[in-house]
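# Close look at the chain arrangement
As a plain string of letters, each chain reads:
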Amino acid sequence: MKHNFGAGPCILPQEVFKQASEAVINFNDTGLSILEISHRSKEFEAVVAETESLIRDLLSVPQDYSILLLQGGARQQFAMAPMNLLKEGGKSAYLDTGSWASYAIKEARNFGSVEVVASGKDNNYTIIPKEYSIPVDADYFHYTSNNTIFGTELFEVPNSPVPIVCDMSSDIMSRKIDVSKFGLIYAGAQKNVGPAGLTIAIVKNDLLGKTGRTIPSIFDYQSHINAKSMYNTPPVFSIYVAMLNLRWLRAKGGIEEIERENIVKSRTLYDEIERNPLFRGPAAIEDRSRMNVAFVMENPQLESEFLAFAQKRDLVALKGHRSVGGFRASLYNALPISSVHLLVDVMQEFEENNR
């Protein structure tokens, strides 16, 4: 058995893989594969409806918000968000907490003025800035809740005088959130929701249609709302697997239960990083991510040896992002605590071998 700590696309529950594989052969006893079924069929319309309903129920999404099942990943949302919310001649505000936030800032500048209220760049994004003010004349304030590369996470929603836009690609469905505090939430599915190919957007309806610009229909949230996420052919298989995975999450006890498990998993690994003299975590303790635990070795020359040592014990995808090096253990919802315990055991065994 492989223990997959990959940052995405990532681990999903085994029962979801089994159900999805069966549907590839015969979806709901239709005699057709989920890969070939019409997205306009009643059977698939039911899948879309259930997926949206599960998202609304699990996150307690208010009725004045629309839930959209889109494509293009978070990178497309970097452009769609300002396209739909930043007024002609207006200004947006962004918090720079890492690489993905920087990409979002770059795209927003194509549509108007961007004020970066604070940045963690000078600290190599190992901290999340705390002291900043959000301009009251901004059309919205944008931040990234979890930073997969540097291993930081923002748990408290900032106080903002303007609508908040949040990229939750890597921690949505991992902990409780108050959706009513946001104007727009978007997230690539390939961490905690499902396979790559699906992007979720949760948007407050009354924010739309106020930019003064003509938006191409395919990039207009309202087009997708009007078409009930069927404006173009949707990512059928990705939506179906996401539905199965959200059923699994609900059956486990929902967001409250999975948050409890995620706290235990991350604390278990961080405790070992703190205890083990061979390792350290660069991220500020108060900003440490529950989803992506970034750590390095005090002696960098041992890193390749430890990576090979772990791989021989079926611990895979622990190598850190190419831009920062070291290691990254992604602890998404479907990763069992037993995998974390094995990683801790391997770290302790490696310590014993290198005294």
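Scroll up to find the structure.
Before going into details, it helps to say that this report is about the structure given with it. Quick caveat: nothing in here was measured; it's all calculated off a predicted structure.

### Things to note about the pairing of strand β3 (residues 91–96)
Taking burial as the measure, the six residues of β3 include six buried ones, the bulk of the element. Residue alternation in β3 divides its side chains into two sets, Lys91, Ala93 and Leu95 and Ser92, Tyr94 and Asp96, and both sets are buried. Strand direction decides the pairing type here: β3 and strand β4 (residues 113–119), joined by six bridges, are parallel. When the sheet's bridge partners are listed, Asp96 is paired in β4 with Ser119. Read as a crossover between parallel neighbours, the route from β3 over helix α4 (residues 99–108) to β4 is right-handed. Here two bridges tie β3 to strand β5 (residues 141–144), and the two strands are oriented parallel to one another. Residue pairing in the sheet places Tyr94 in a bridge with His142 of β5.

### Side note on the pattern of salt bridges
Under the defined criterion, the tally for this structure stands at 21 salt bridges. Among the ionic pairs, Glu272 bridges to Arg275, the shortest N-O distance being 2.8 Å. Of this pair, Glu272 and Arg275 both sit in helix α7 (residues 254–275), three residues apart, roughly one helical turn. Across the pair Arg288 and Glu274 runs a salt bridge, and its minimum N-O distance is 2.5 Å. Of this pair, Arg288 sits in the loop between β11 (279–280) and β12 (292–297) while Glu274 sits in helix α7, and the two are 14 residues apart along the sequence. Through salt bridges with shared partners, a single ionic network connects Glu272, Arg275, Glu351, Glu352 and Arg355.

### Quick word on the environment of Tyr186
With respect to the helices and strands, the residue Tyr186 is situated in strand β9 (residues 184–188). Sequence separation between Tyr186 and Val165 is 21 residues; the distance between their C-alpha atoms is 8.1 Å. Those residues in contact with Tyr186 that lie beyond four places of it in its chain are Ala74, Gln77, Phe78, Ala104, His142, Val165, Cys166, Asp167, Met168, Ser169, Ile200 and Ala201.

### So, the side chain of His142
Here His142 is to be found in strand β5. Filtering out sequence-adjacent residues up to four positions away, His142 remains in contact with Ala93, Tyr94, Leu95, Ala104, Val165, Asp167 and Tyr186.

### A short note on α4
Looking only at α4, the buried set comprises Ser99, Ala101, Ala104, Ile105 and Ala108. Tucked into the core, α4 has its buried residues touching α3 (73–85), β3, β4, β5 and β9.

### Some thoughts on the sheet that holds strand β14 (residues 327–330)
Taken together, three strands build an open sheet; the order of strands is β11-β12-β14 and the sheet is antiparallel. At either end of the open sheet lies a strand with only one pairing partner, and these are β11 and β14. With four bridges joining them, β12 and β14 adopt antiparallel strand pairing. Counterpart to Asn292 in the pairing with β14 is Ser330.

### Details of the pairing of strand β10 (residues 199–204)
In summary, the side chains of a regular strand alternate between the two faces of the sheet. Summarising burial for β10: five of the six residues are buried, a large majority. The sheet contact formed by β9 and β10 spans five bridges and is antiparallel. Bridged to Ala187 within β10 is Ile200.

### Section: unusual backbone geometry
Omega for the bond connecting Gly8 with Pro9 falls within 30 degrees of zero, at -10 degrees, which places this linkage in the cis form. Following the sequence through the fold, Pro9 ends up in the loop between β1 (3–4) and α1 (14–25). Positioned with a positive phi, Met173 is a non-glycine residue whose angle comes to about 70 degrees. Along the chain, Met173 turns up in the loop between β8 (164–167) and β9. Note on Met173: relative accessible area 1%, which makes it buried. Phi angles above zero are rare outside glycine, and Ser229 is one such case at about 65 degrees. Checked against the element boundaries, Ser229 lands in the loop between α5 (221–226) and α6 (236–252).

Scoring rules and cut-offs
Residues numbered from 1 in each chain as written. Predicted model: local features only at pLDDT ≥ 70, side-chain atom pairs only at ≥ 80, totals over all residues. Heavy atoms only, no water. Buried < 20%, exposed > 50% of the residue type's maximum accessible area, 1.4 Å probe, protein only. Helix = DSSP H or I, 4+ residues; strand = E, 2+ residues; numbered from the N terminus. Pairing = 2+ DSSP bridges. Right-handed = clockwise from strand over helix to strand, strands pointing away. Salt bridge = Lys/Arg side-chain N within 4 Å of Asp/Glu carboxyl O. Contact = heavy atoms within 4.5 Å.

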